[in-house]
Amino acid sequence: MRKFKTESKKLLDLMINSIYTNKEIFLRELISNASDAVDKLNFKSLTDESMHVDQADLAIRVSFDRDARTITVSDNGIGMTAEELERNLGTIAHSGSEEFKTENAESQGDALDIIGQFGVGFYSAFMVAKRVRVVSRAFGEDEAHVWESDGLKGYTIEPGERAEHGTDVILTLRENVPGENGEEGENYDRYLSEWGLKDLIRRYSNYVRYPIQMMVTKSRQKPKPEDAGDDYKPEYEDYEELETINSMTPIWKKRREDVEDADYNEFYKSTFHDFEDPARTISFHAEGALEYDALLFIPGRAPFDLYSKDYEKGLALYSSNVMIMEKCADLLPDYYNFVRGVVDSADVSLNISRETLQQNRQLRAIARRIEKRVTSDLEDMRDNDREAYEKFFESFGRGLKYGIYASYGAKATELADLLLFWSAKEQKMITLAEYAKAMPEGQKAIYFAAGDDRDRLSKMPVVTGVLARGFDVLLCTQDVDEFTFQSMREYVARDMPKVYEDDAAREAAEKAVADGAEPELEDRHLELKNVATGDLDLASEDEKKEAEEASKEHADLFSAMKEALGDHVQKVAVSSRLVSADDAPACITTEGPLSLEMEKVLKRGPEGDIEGMPTAQRVLELNAKNPVFAKLAAAQEAGDADKVKLYAGLLYDQALLVEGILPEDPVAFAKNVCELM
Ligand code: ADP
Ligand code: MG
C-alpha cells in the first residue's frame, strides 16, 4: 500500500471532518470533477483535430446499488493514467484541474469552464464512504487502472478494466449510525434512493453544463388486451429509462438582452417558489479583480413569513454553476432581505464551509455592490414606475424603515429617499424629497402625525391646525414610523432653493438670476417633527403674545385644572396649535422624547406590562378662542370649583378619545357627560 503524500493523515482527517460541515455535498464534488474531466476532453478535442469526440455523447452518469450500498459517478471524460491517479488522488491538495487550467490559460477562452481548483473536493467522498474505488482509463490509452482507499492511511493502484476512456468513482457507503443521547445519528441510506440522489443533483448541480443522467423507474399503462371486457381496469407496469436530471443552462450566465422576460419570470417562480412574477429583475456581470454574475429579483409581494423569525434571507451562491450555499445571508443587508437571486463567481473559494465563508472579503465586496445595485434599481422604480413602486413599498417598506431604526439612523443616507408616506395635503404617497420640494417658504421642519388610522389622524386638531397654516403633514400609520424618524432626527433635502438671511444678499441673488445665472441651491437640514409633541414654534409673534397674556390672566384656572387632573398631565396650558374658534376646545400633546403614539406601541410590545415603563409626559392644551374656554373661565371666576373639575376631566378624556385612547374610567366619563346634559 502507498501512503498519502503530505504529512497528512492529519490533513486528510481535517479535510474530511472539518472543511465541510455538510456531508451531502460529496455528490456535488464528484459531479464537479466528472464535469471537469468531460470539459477537458471537450476542450482538447476542440483544439486538436485528430481527436474524434462526439460532443453529444459527453455525459455524467449517477447510479446506485441498494444491496451493495454503493453509489457510482461515471464520466466519459479525459480519464487518468496510473501516474495521474497517483498524482491527483494520492496527493491531498493537489489539483490536476487547476494545473490544466493554467497550462491552457492562453487558448482557453470561453471553451473551458473548469470548476476544480483546490484539490480537496474528492476527499469529501470519505465523509459518507468507508471505501472509494476509482476505475479510470485515460483518453488514448488502452489500459485502465484502479485506485482504491479507505481514506485512512493510504491507497492502492492496480491495473484494471474499463471499456472506454473515462472514470467511475464507486463509493461504498458507511453504515448508518443510530442517534443517541438526543443527538441525531447519521443516515447514509437516504443517498441510496432515486429521489435522494435526484434531489442532491438538482439542488447542487442543476446548472452543471453537461447532462447528468440517471436510470429512473417510471410507470406506464399496459396496452389494453384485444379481448378486454367492459369491466377492464387499466394495468400499470414499471419500466426503466435514462433521464437527464439537471437543467444545465444557468440563466444568470446569459446576457440580459439574450433572455426573454418570460424566461426570467419562469426561473424566478420555479426556483424561489412564488406564484407571482417578480416586480423587478436585475442582472449584471461584474468584471475586474472579482468576476461574478448576479441575477436578482425583487418579488412582487411579500412572502407570508417575511416578518416572522423563521424567515431566512440570502442569495444562492454558486461557483462555476455549482451551488455552494442555498441561502448566503452575508450577501444581503437585513433591510433588503426580500431580494431573491443567484450570485455565481468562479473566484469565490468553493470548497469552504459556511463558517469560513462568513469572513470572506470577496463576499463582502460582492455584497456591497449588490446593495448599491438594489438601491439604484429601487430608485429607478420610484422615479419611473411609481405605481409599481407603491405596491413594492406596501409589501417591503416596513423593512426599509426598520433598517434605518435598527442602524440608529446610520442607514438613513441609503434608505431615507426610498421611503414613502401619506401626505395629508396631497392625499397620496410621497417621498421626503417631494415633501421638501413642495414646502412653502419659511417652513423649517417636516411635520408628521403618528397613529394607526389615517382617517382619524387627518381629523386630529393638532393635524388640522398645522395644515391650516399651509404646511403639509405626513400621516404615519405604521408602528415603526415614529421610531424611524426619531433615529433619523433630521432629513437632508438636497438641491433646495437657497435661503438668504439678509435682504441685500437675497436681492443680489435675485438680480443675478434675472441676468441669467442659475439659481443657487443648498442642502437643507429639516427636523422631523411630530405635530403632537413639544413646541412646534408655529405661532406668529402676535399669537404668542396673545397666548402669553391668556396664560397670565388665567393662571388660577390652569392651576386649578392641573390640580384636578393630578398626575395625568404634566401641565395645562394655552395652546399654540389650536388658535381659532372653530378648532377643537382642547388637545393632548406631549413633552420630552416619548409621544403618545410611541407609548402605545411600546405598551403593545413584549415589555408593555412592566412597571416603570416610561410614559409620555402629557400636556392638556386649551384653545383660548373656543367658546368652551370662556365657560371655563366664567366658572373659575364664579368660584365654582366643582364645575372646573368636571370640565377639566371631560376635556382631558375627550382629547384622549380623539387620540384613540380610552378614558381611564369610561364609566365616570359617561356619567359626567350625562350630568352636563
Ligand atoms: P479539484 O477538483 O479542486 O482539483 P479534487 O480533490 O476534487 O480537487 O480532485 C483532484 C484532482 O483529481 C482533480 O484536479 C483532477 O485532476 C483529478 N480528478 C478527480 N476526479 C476526476 C475524474 N472524474 N476524471 C479525471 N480526473 C479527475
Ligand atoms: Mg473537485
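Residues numbered from 1 in each chain as written. Chains lettered and ligands numbered in written order. Predicted model: local features only at pLDDT ≥ 70, side-chain atom pairs only at ≥ 80, totals over all residues. Heavy atoms only, no water.

J.: Go over the overall build of the protein chain with me, naming the residues and quoting the values.
T.: On a plain count of helices and strands, the protein chain comes out with 21 helices and 23 strands. For the protein chain, the C-alpha radius of gyration of 37 Å lies well beyond 26 Å, the compact-globule estimate for 677 residues. Taking the principal axes of its C-alpha atoms as reference, the protein chain extends roughly 120 × 75 × 65 Å. Here the protein chain, with 677 residues, has 49% of them falling under the buried criterion. Of the contacts made within the protein chain by residues no fewer than 6 positions apart, 70% connect residues no fewer than 24 positions apart. Of the roughly 35100 Å² of accessible surface on the protein chain, a fraction of 48% belongs to carbon and sulfur atoms. Across the protein chain, the 85 positively charged side chains and the 133 negatively charged ones have centroids separated by 2 Å. (Helix = DSSP H or I, 4+ residues; strand = E, 2+ residues; numbered from the N terminus. Rg over C-alpha atoms; globule rule 2.2 N^0.38 Å. Buried < 20%, exposed > 50% of the residue type's maximum accessible area, 1.4 Å probe, protein only. Contact = heavy atoms within 4.5 Å. Areas by Shrake-Rupley, 256 points an atom, 1.4 Å probe, with all protein chains shown as cover. Lys, Arg positive; Asp, Glu negative; His and termini not counted. Charge placed at Lys NZ, Arg CZ, Asp CG, Glu CD.)

J.: Kindly report on the packing of aromatic side chains, identifying the contributing residues and their values.
T.: Across all of its chains, the model carries 29 aromatic pairs by this definition. Note on Trp252 and Tyr318: the rings are 4.8 Å apart at their centroids and 50 degrees apart in plane angle, and the pair reads as tilted. On the criterion of sequence distance, the pair formed by Trp252 in the loop between β9 (236-244) and α6 (261-272) and Tyr318 in strand β12 (residues 315-319) is long-range, its members being 66 residues apart. When its relative accessible area of 2% is taken as the criterion, Trp252 is described as buried. Looking at Tyr318, the relative accessible area reads 7%, which means it is buried. What links up through ring pairs into an aromatic cluster is the set Tyr207, Trp252, Phe267, Tyr268, Phe272, Phe297 and Tyr318. A cation over a ring is seen here: Arg301 above Phe275, with NZ or CZ 4.2 Å from the ring centre. (Phe/Tyr/Trp six-rings, centres within 6.5 Å; stacked < 30°, edge-to-face > 60°. Lys NZ or Arg CZ within 6 Å of the ring centre and 35° of its normal.)

J.: Can you break down a positive patch on the surface residue by residue, with the values?
T.: The grouping of Arg361, Arg364, Arg368 and Lys372 at the surface amounts to a positive patch. The exposure class assigned to Arg361 is exposed, which follows from its relative accessible area of 68%. (Patch = residues over 30% accessible without salt bridge, like charges linked within 9 Å, V, L, I, M, F, W, Y side chains within 5 Å. Salt bridge = Lys/Arg side-chain N within 4 Å of Asp/Glu carboxyl O.)

J.: Explain the environment of Met80 to me, using residue names and the numbers behind them.
T.: Here Met80 is to be found in the loop between β3 (70-75) and α3 (82-89). Its relative accessible area of 16% is what places Met80 among the buried residues. Taking the C-alpha atoms as reference points, Met80 and Ala37, separated by 43 residues in sequence, lie 9.1 Å from one another. Beyond its immediate stretch of four places on either side in the chain, Met80 contacts Leu85, Asn88, Leu89, Val134, Ser136, Arg137, Ala138 and Thr167.

J.: Describe the nonpolar core, and please don't skip the residues or the numbers.
T.: Residues Tyr336, Phe338, Leu378, Phe392, Leu400, Tyr447 and Leu474 are the most contacted members of the largest nonpolar core, which totals 79 residues. Not counting residues within four places of it along the chain, the set of residues in contact with Tyr447 comprises Tyr435, Val466, Phe471, Asp472, Val473, Leu474, Lys529, Val531, Leu536 and Leu538. Counting residues in hydrophobic clusters, the runner-up holds 66 residues, among them Val73, Met80, Val259 and Val342. (Core = buried A, V, L, I, M, F, W, Y, C linked by side-chain atoms within 4.5 Å.)

J.: Would you mind going over the sheet that holds strand β13 (residues 322-328) in detail, with residue names and values included?
T.: Sheet strands line up and pair through hydrogen bonds in the backbone, either parallel or antiparallel. Spatial strand order, β10-β11-β14-β12-β13: five strands in an open sheet with mixed pairing. Strands at the two margins of the open sheet, each flanked by one partner only, are β10 (280-286) and β13. Across the sheet, the mean angle from the axis of one strand to that of its neighbour is 15 degrees, orientation sign disregarded. Running at roughly 140 degrees to β10, helix α8 (residues 361-384) makes contact with β10, β11 (292-298), β12, β13 and β14 (340-344) of the sheet. (Pairing = 2+ DSSP bridges. Axes fitted to C-alpha atoms, helices over the stretch in contact; angles between N-to-C directions.)

J.: Mind laying out the side chain of Ser283, listing which residues take part and the relevant values?
T.: Its place among the elements puts Ser283 in strand β10. Beyond its immediate stretch of four places on either side in the chain, Ser283 contacts Arg256, Tyr264, Ala294 and Leu295.

J.: Which residues make up the pairing of β3, and what are the values?
T.: Where burial is concerned, most of β3 is hidden: six out of the six residues are buried. Side chains Thr70, Thr72 and Ser74 project from β3 onto one buried face, and the interleaved Ile71, Val73 and Asp75 project onto a second face that is buried too. As judged from the six bridges shared by strand β2 (residues 60-65) and β3, these two strands associate in the antiparallel manner. Paired with Arg61 across the two strands is Ser74, which belongs to β3.

J.: I'd like a rundown of the packing of helix α17 (residues 555-565) against helix α19 (residues 627-637), residues and numbers included.
T.: Relative placement of two packed helices is described by the angle separating their axes and the distance separating the axes. Look at α17 against α19: their axes get within 10 Å of each other, and the N-to-C directions meet at 90 degrees. Relative to α19, the element α17 is oriented roughly perpendicular. Listed contacts from α19 to Asp556, Leu557, Phe558, Ala560 and Met561 of α17 are Phe629, Leu632, Ala633 and Gln636. For the contact of α17 with α19, a count of residues per class yields seven nonpolar, one polar and one charged. (Parallel < 35°, antiparallel > 145°, perpendicular 65-115°, else oblique. Nonpolar A, V, L, I, M, F, W, Y, C, P; charged D, E, K, R; others polar.)

J.: I'd love a proper account of the site of ligand 1, names of residues and values included.
T.: Around ligand 1 sit 19 residues, and of these Asn33, Ser95, Gly96, Ser97 and Gly119 come closest. Separating a nitrogen atom of ligand 1 from a side-chain N or O atom of Thr167 is a distance of 3.4 Å. Burial of ligand 1 by the surrounding chains reaches 96%, relative to a free accessible area of 530 Å². Elements with a contribution of two residues or more to the shell around ligand 1: α2 (26-47), α3 and α4 (96-103). Tallying contributions element by element places α2 first for the shell around ligand 1, with three residues. (Near = heavy atom within 4 Å. Polar contact = N/O pair within 3.5 Å; in protein donor to acceptor, adjacent residues only side chain to side chain.)

J.: Kindly report on unusual backbone geometry, identifying the contributing residues and their values.
T.: At Arg69, a position not held by glycine, the phi torsion is positive, near 55 degrees. Position of Arg69 relative to the elements: it lies in the loop between β2 and β3. The class of Arg69 is buried, set by a relative accessible area of 16%. Positioned with a positive phi, Arg489 is a non-glycine residue whose angle comes to about 65 degrees. The residue Arg489 is located in the loop between α14 (480-488) and β19 (490-497) in this model. Exposure remark for Arg489: the relative accessible area of 57% places this residue in the exposed category.

J.: Help me get a handle on helix α20 (residues 641-658), residues and values and all.
T.: In this model, α20 (18 residues) spans 26 Å end to end at C-alpha, consistent with the 26 Å of a helix rising 1.5 Å per residue. Considered for burial, the residues of α20 that qualify are Val644, Leu646, Tyr647, Ala648, Gly649, Leu650, Leu651, Tyr652, Asp653, Ala655 and Leu656. Each element contacted by the buried residues of α20 is listed here: α17, β22 (586-591), β23 (617-622), α19 and α21 (666-676). Directly beyond the C-terminal end of α20, a positive phi value near 85 degrees is found at Gly660. (Expected span 1.5 Å × (residues − 1).)

J.: Provide a residue-level description of empty space enclosed by the protein, including the pertinent values.
T.: Per the counting criterion, the structure on display carries five cavities of 30 Å³ or more. Volume-wise, the largest cavity comes out at about 90 Å³. Contributing elements (two or more residues each) for the lining of the largest cavity: β17 (445-450) and α18 (596-604). When the residues that make up the lining of the largest cavity are grouped by side-chain class, the tally is seven nonpolar, four polar and three charged. (1 Å grid on protein atoms, 1.4 Å probe; cavity = no way out; pocket = protein on both sides within 12 Å on 5 of 7 lines; lining within 4 Å. Points joined across faces, edges and corners; volume = space filled by probe spheres on them.)

J.: Account for the sheet that holds β19, with residues named and values stated.
T.: Read from one edge to the other, the open sheet built from six strands follows the order β16-β15-β18-β17-β20-β19, with strand pairing classed as mixed. Two strands in the sheet have a free side with no partner beyond their single neighbour: β16 (428-430) and β19. Going across the sheet, the axis of each strand differs from the next one's by a mean of 40 degrees, ignoring polarity. Here two bridges tie strand β15 (residues 421-423) to strand β18 (residues 473-476), and the two strands are oriented antiparallel to one another. Following the sheet pairing, Trp422 is matched in β18 by Leu475.

That's the geometry; what it means functionally is another story.
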